[in-house]
Amino acid sequence: MIAPSLLSANFAMLAEDIRACERGGADMLHLDIMDGRFVPNITFGPPIVAAVRSVSLLPLDCHLMIVEPERYVETFAQAGAQWISVHVETCQHLHRTLALIRSCGARAGVVLNPLTPLEYAFEAAGHADFVLMMSVNPGFGGQEFIPSVLARIERLRTWLERERIEIPIEVDGGVHHGNAAALVNAGATVLVAGAAIFGGSSIAENITALRAAVLG
Ligand code: DX5
Ligand code: ZN
């Protein structure tokens, strides 16, 4: 799956950019929610998620980079998020928060920063519907991919296969046509991309090119 990260879209023309994502064959829209606390940046909240919901039928994937995410899970689910992910570091009670996301009818994701011990994913995998592996430090679009994350994805994939747990591995940060195939070979099944999709002249063509880079 390819999930364009709207963080790099033109916020003044969001509906148009979303239509271009749909034309390009995007599978899901990734929405980065930042609070200026867990990460240095501030983005947008539930009203924008609801606005995006009103112009697209694509699944919405809300990546919560906020402290105390349990306070907002229900609001984001009501705004239209079908996938909701939380960072290990923001959850005092990770199991409870994942269960809360599921109880709101959304798919629950656990997010690991580039150096968060992989054991967190192993422990959470049985209680989550997907794992989001950060390949940059969260907070900004357009950063460079951290190569060591590739081996982490491979280790996670191997572990999930051994345990017979079939959940998507999503990778987020610095994904582009040059590393997409390696990421998929390592085990990633959802590619999030911001700069690589919204940079250049054609959003739709960038998505097509990203898919072609994986499928050959
Ligand atoms: C970073 C965000 C990413 C970001 C990805 O904190 O979680 O979703 O928008 O953007 P690129 O693909 O430009 O690294
Ligand atoms: Zn993200």
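The residue count restarts for each chain, going from 1 along the sequence in the order it is written. Key to labels: chains lettered from A, ligands numbered from 1, both in the order written. Two thresholds apply to this predicted model, a pLDDT of at least 70 for residue-level local features and 80 or more for giving and counting side-chain atom pairs, whereas whole-chain, interface and lining totals are computed over all residues. Side-chain metrics rest on all non-hydrogen atoms present in the structure, leaving aside hydrogens and water.

### Observations concerning helix H9 (residues 203-215)
In step 1: To qualify as a helix, a DSSP run of H or I must reach at least 4 residues; to qualify as a strand, a run of E must reach at least 2; elements of each kind are numbered from the N terminus. Multiplying one less than the number of residues by 1.5 Å gives the expected span of a helix. An ideal rise of 1.5 Å per residue puts 18 Å on 13 residues; H9 measures up with 19 Å between its terminal C-alpha atoms.
In step 2: Throughout, exposure labels follow a simple rule: accessible area from a 1.4 Å probe, protein chains only, divided by the maximum for the residue type, with under 20% read as buried, over 50% as exposed, and the rest as partly exposed. Along H9, the residues classified as buried are Ile 203, Ala 204, Asn 206, Ile 207 and Leu 210. For H9, the angular spread of the buried residues around the axis is 165 degrees, confining them to a single face. Of the exposed residues in H9, those oriented more than 90 degrees away from the buried face are Glu 205 and Leu 215.
In step 3: Once H9 finishes, Gly 216 follows within two positions and takes phi at roughly 80 degrees, a positive value. This arc describes the spread of directions from the helix axis toward the C-beta atoms.

### A look at the coordination of the zinc ion (ligand 2)
In step 1: Taken together, His 30 (NE2), Asp 32 (OD), His 63 (ND1) and Asp 172 (OD) make up the full set of protein donors to the zinc ion (ligand 2), lying 2.0 to 2.3 Å away.
In step 2: Every donor counted, the six donor atoms about the zinc ion (ligand 2) form angles of 71 to 169 degrees at the centre, which fits octahedral coordination.
In step 3: Taken in chain order, the donor set of the zinc ion (ligand 2) reads H-x1-D-x30-H-x108-D. With His 30 in strand E2 (residues 29-34) and His 63 in strand E3 (residues 60-65), the pair connects residues that are 33 residues apart, well separated along the chain.
In step 4: The buried category is assigned to His 30, whose relative accessible area is 0%.
In step 5: Assessed through its relative accessible area of 0%, His 63 is described here as buried. Coordination partners: N, O, S within 2.8 Å of the metal, 3.2 Å for Na, K and Ca; water not considered, so apparent gaps in a site are possible. Metal sites are grouped by the angles between bound donors: all angles between 85 and 135 degrees with four donors is tetrahedral, opposite donors over 155 degrees apart with the others between 65 and 115 is square planar for four donors and octahedral for six, and any other pattern is irregular.

### Focus: the packing of aromatic side chains
In step 1: Stacked, tilted and edge-to-face are the three classes applied to pairs of Phe, Tyr and Trp rings, where Trp contributes its six-membered ring and a pair requires centres within 6.5 Å; stacked means planes under 30 degrees apart, edge-to-face means over 60, and tilted covers the rest. Applying the stated criterion to the full structure yields three aromatic pairs.
In step 2: Residues Trp 83 and Phe 130 carry aromatic rings whose centres are separated by 4.7 Å and whose planes lie at 50 degrees to one another, so their mutual orientation is tilted. Residue Trp 83 is found in strand E4 (residues 83-87), and its partner Phe 130 is found in strand E6 (residues 130-134); the two are separated by 47 residues along the sequence.
In step 3: When the ring of Phe 122 is compared with that of Trp 159, the centres are 4.5 Å apart and the planes differ by 15 degrees; the resulting orientation is stacked.

### Points about the sheet that holds E4
In step 1: The rule for pairing is simple: two strands pair if DSSP sees at least two bridges between them. With parallel pairing, eight strands are arranged side by side in an open sheet as E1-E8-E7-E6-E5-E4-E3-E2. Two strands lie at the open edges of the sheet, namely strand E1 (2-4) and E2, each paired on one side alone. Averaged over neighbouring strand pairs, the angle between their axes works out to 25 degrees when direction is ignored.
In step 2: Where E4 meets strand E5 (residues 107-112), five bridges bridge the pair, whose relative direction is parallel. The residue bridging Ile 84 from the neighbouring strand is Ala 108, located in E5. Each axis is a line fitted through C-alpha atoms, taken for helices only over the stretch in contact, and angles between the N-to-C directions span 0 to 180 degrees.

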